[in-house]
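Examining the three-dimensional arrangement
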Amino acid sequence: VDLVAAEDTRHSGILLSHYQISVPTFALHDHNEQQKADVLIDRIKEGKSIALVSDAGTPAVSDPGARLVAAVREAGYRVVPVPGACAAVTALSAAGLATTEWLFYGFLPPKASARRKQLEAWREASFAVVLYEAPHRMAECTADIVAVMGADRRVTLARELTKTFETFRTLPADEMADWVATDSNQQRGECVLVIEAAPAAAAIEALDEAARHT
């Protein structure tokens, strides 16, 4: 390509240097994506090809890039997806879930009240839920899962995926919350939480309750 649009040019610079790729880089992140989209589209109009790279994972999947992609397509230019790392799918591949149904939500709201309200919506879900969480909110988040979904709800923590300190552990929600609260290492790095589906009996009760109100 002629130009690399990167979430952080310093991080992407390490990758480019490793493969001896020397092309100009351009910072594209949450704070400037909307205004810089037109600049990049002008480069495409000039016949340039551009790669979009995020720091980790896949652009536009809980990472910057969606607004640029939409703008480029609206301008009539082609967007070519390149399959690569995705923390949600990587976590699911080793979580060992019994269900094939799952919902990817991304990041929960940072405020406790809004976070609990969202968790409540999944309390009786018949599908697993995959979440990303900031490390400094891991203790609060796992405690909220216990409070809303119950102590026995099984949760998988997939942390620092593909990195040196990769961690996979599945526990009942109360044990997970205790582990995270007492081990500061579990409050560092990139974190994925997989909340298993509600037990079958609870899911059936929810359906029965809904039927009684129809």
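Here goes a summary of the coordinates provided. (Residues numbered from 1 in each chain as written. Predicted model: local features only at pLDDT ≥ 70, side-chain atom pairs only at ≥ 80, totals over all residues. Heavy atoms only, no water.)

Describing helix H4 (residues 87–95)
Those residues of H4 lying buried are Ala 88, Ala 91, Leu 92 and Ala 95. Along the axis of H4, the buried positions cluster into a sector of 100 degrees, meaning they face one direction only. The inward-facing, buried residues of H4 contact strand S4 (102–107), strand S5 (128–133), strand S6 (154–159), strand S7 (167–172) and strand S8 (191–195). Residue Gly 96 follows H4 closely and has a positive phi angle near 70 degrees. (Buried < 20%, exposed > 50% of the residue type's maximum accessible area, 1.4 Å probe, protein only. Helix = DSSP H or I, 4+ residues; strand = E, 2+ residues; numbered from the N terminus. Arc of directions from axis to C-beta. Contact = heavy atoms within 4.5 Å.)

Side note on the environment of Ala 5
Structurally, Ala 5 is set in strand S1 (residues 3–6). Among the residues examined, Ala 5 registers a relative accessible area of 0% and is labelled buried. What Ala 5 contacts, discounting residues up to four positions off in sequence, is Phe 26, Leu 28, Leu 40, Ile 50, Ala 51, Leu 52 and Val 53.

Details of the packing of helix H5 (residues 112–121) against helix H6 (residues 138–149)
Two elements in contact, H5 and H6, have axes separated by 10 Å at closest approach and are oriented at 45 degrees. Relative to H6, the element H5 lies oblique. The chirality of how H5 crosses H6 is right-handed. When H5 is examined against H6, the residues Ala 112, Arg 115, Arg 116, Leu 119 and Glu 120 are found in contact with a partner set consisting of Glu 140, Cys 141, Asp 144, Ile 145, Ala 147, Val 148 and Met 149. Of the residues belonging to the contact of H5 with H6, the class tally is seven nonpolar, no polar and five charged. (Axes fitted to C-alpha atoms, helices over the stretch in contact; angles between N-to-C directions. Parallel < 35°, antiparallel > 145°, perpendicular 65-115°, else oblique. Left-handed = near helix turned anticlockwise from the far one by under 90°. Nonpolar A, V, L, I, M, F, W, Y, C, P; charged D, E, K, R; others polar.)

Quick look at the sheet that holds strand S2 (residues 25–27)
Read across the sheet, three strands follow the order S2-S1-S3 without closing on themselves; strand pairing throughout is parallel. In this open sheet, the two strands that pair with only one neighbour each are S2 and strand S3 (50–53). Taking the axes of each pair of neighbouring strands and ignoring which way they run, one obtains an average angle of 25 degrees across the sheet. As judged from the three bridges shared by S1 and S2, these two strands associate in the parallel manner. Its bridge partner lying in S2, Ala 5 is registered against Phe 26. The strands that helix H1 (residues 9–18) touches are S1, S2 and S3; relative to S2, the one it contacts most, it runs at about 155 degrees. (Pairing = 2+ DSSP bridges.)

Examining the packing of aromatic side chains
Taken as a whole, this structure holds three aromatic pairs when the rule is applied. Centre to centre, the rings of Tyr 105 and Trp 122 are 5.0 Å apart; their planes meet at 75 degrees, and the pair counts as edge-to-face. Linking Tyr 105 in strand S4 with Trp 122 in the loop between H5 and S5, this pair joins segments that are 17 residues apart in sequence. On the basis of relative accessibility, which here comes to 32%, the residue Tyr 105 falls in the partly exposed class. Judged by relative accessible area, Trp 122 falls into the buried class, the value being 5%. Consider the rings of Phe 107 and Tyr 132, whose centres lie 5.7 Å apart with planes at 70 degrees: the pair is edge-to-face. Of this pair, Phe 107 sits in strand S4 while Tyr 132 sits in strand S5, placing them 25 residues apart in sequence. Owing to a relative accessible area of 10%, Tyr 132 belongs among the buried residues under this scheme. Among the aromatic residues, ring-to-ring pairing joins Phe 104, Phe 107 and Tyr 132 into one connected group. Of note, Arg 169 hangs over the ring of Trp 179, and the distance from its end group to the ring centre comes to 4.5 Å. (Phe/Tyr/Trp six-rings, centres within 6.5 Å; stacked < 30°, edge-to-face > 60°. Lys NZ or Arg CZ within 6 Å of the ring centre and 35° of its normal.)

Just distances and angles here, no functional claims.
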